[in-house]
Amino acid sequence: ADDMMYVTGKKEEFDTWWLSSPTLGDMYFEMTVNTGDCKEKDSYGALIRAAPSGEPMRGYIAAFNCQGEFFVRRIDATDPYIVETLFVTTQDKNIRRGANKVNVLGFLAVENEFTVYANGYELATFYDTEFESGRYGVFVAAGEDGPYTYKVKQIRIWDLRFK
């Protein structure tokens, strides 16, 4: 609606995602987001190198919350839910905080090096060899106060296999 994609997390403190069909390895994922009517712990972001369709879920999450913080996690399994925190929740001045703010989240993956960006500024780099390729998509986690919806104005993906 309104030239935006609405992404909703309905269950409190629960990670939810929607994924593409194509798989990529080396890539840059960028999304322009309006935070909507968010509360402090509501989170939005990207999931890359997620499992191919029909396989057990796994992948890397880079997300911002409405307090202007970011975190990075690796999902190793979903039954049971096993998540490794690669970057703990960290405040950053380059993430616009609060309701109805616009942020651009970037997530670069080249071989085993990953970098997260906010509004064109580098936030963090980490190294991990767990997953080489996979699907990509959007992530949402409603905080303690129930459902949370954010709006995506644009998603852009660069396939970096052809350097």
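Residues numbered from 1 in each chain as written. Predicted model: local features only at pLDDT ≥ 70, side-chain atom pairs only at ≥ 80, totals over all residues. Heavy atoms only, no water.

## Quick notes on the nonpolar core
So the rule is basically this: By nonpolar core we mean a set of buried residues, namely Ala, Val, Leu, Ile, Met, Phe, Trp, Tyr and Cys, connected to one another through side-chain atoms within 4.5 Å. For every residue, the accessible area (1.4 Å probe, protein chains only) is compared with the maximum for its type, and the residue is labelled buried under 20%, exposed over 50%, or partly exposed between those bounds. Secondary structure counts use DSSP, requiring at least four H or I residues in a row for a helix and at least two E residues in a row for a strand, with both numbered from the N terminus.
Met31, Ile48, Phe64, Phe107 and Tyr150 are the most contacted members of the largest nonpolar core, which has 34 residues in total. Here this core takes four residues from strand E3 (residues 27–34), the largest share from any one element. Within the second largest apolar cluster, nine residues are counted, among which are Leu47, Ala50, Met57 and Ile61.

## Describing the environment of Ser53
Within the secondary structure, Ser53 is located in the loop between strand E4 (43–50) and strand E5 (59–65). Sequence separation between Ser53 and Gly146 is 93 residues, and the spatial gap between their C-alpha atoms is 29 Å.

## Considerations on the sheet that holds strand E11 (residues 135–141)
Our working rule: Between any two strands, at least two bridges found by DSSP are needed for them to pair. Every axis in this analysis is a line fitted to C-alpha atoms, fitted for helices over the stretch in contact. Angles between the N-to-C directions lie between 0 and 180 degrees.
With respect to topology, six strands assemble into an open sheet ordered E2-E11-E4-E5-E6-E7, the strand pairing being antiparallel. Bordering the open sheet on either side are strand E2 (15–19) and strand E7 (81–91), each of which pairs with just one other strand. The mean angle between the axes of side-by-side strands here comes to 20°, regardless of whether they run parallel or antiparallel. Bridge count for E5 against strand E6 (residues 69–78) is six bridges, and the pairing is antiparallel.

## Thoughts on the packing of aromatic side chains
To keep things clear, this is the line we draw: What counts as a ring pair is set by centres within 6.5 Å for rings of Phe, Tyr and Trp (its six-membered ring), and what kind of pair is set by the plane angle: stacked under 30 degrees, edge-to-face over 60, tilted for all other angles. Charge over a ring is defined by NZ of Lys or CZ of Arg lying within 6 Å of the ring centre and within 35 degrees of the ring normal.
Summed over all chains, the structure comprises 15 aromatic pairs. Judged by centre distance (5.5 Å) and plane angle (50°), the rings of Tyr44 and Tyr150 are tilted. On the criterion of sequence distance, the pair formed by Tyr44 in strand E4 and Tyr150 in strand E12 (residues 148–159) is long-range, its members being 106 residues apart. Tyr44 sits in the buried class, given a relative accessible area of 1%. Among the aromatic residues, those joined into a cluster by ring pairs are Tyr60, Phe70, Phe87, Phe107, Phe114, Phe126 and Phe131. When the ring centre of Phe14 is taken as reference, the NZ or CZ atom of Lys11 above it lies at 4.8 Å.

## Structural notes on the environment of Thr89
So the rule is basically this: Contact criterion: two residues are considered in contact whenever any of their non-hydrogen atoms come within 4.5 Å of each other.
Following the sequence through the fold, Thr89 ends up in strand E7. Spatially, the C-alpha atoms of Thr89 and Phe64 are 8.7 Å apart, while their sequence positions differ by 25 residues. Not counting residues within four places of it along the chain, the set of residues in contact with Thr89 comprises Asn65, Glu69, Phe70 and Phe71.

All quantities given are derived from atomic positions and should not be read as evidence of function.
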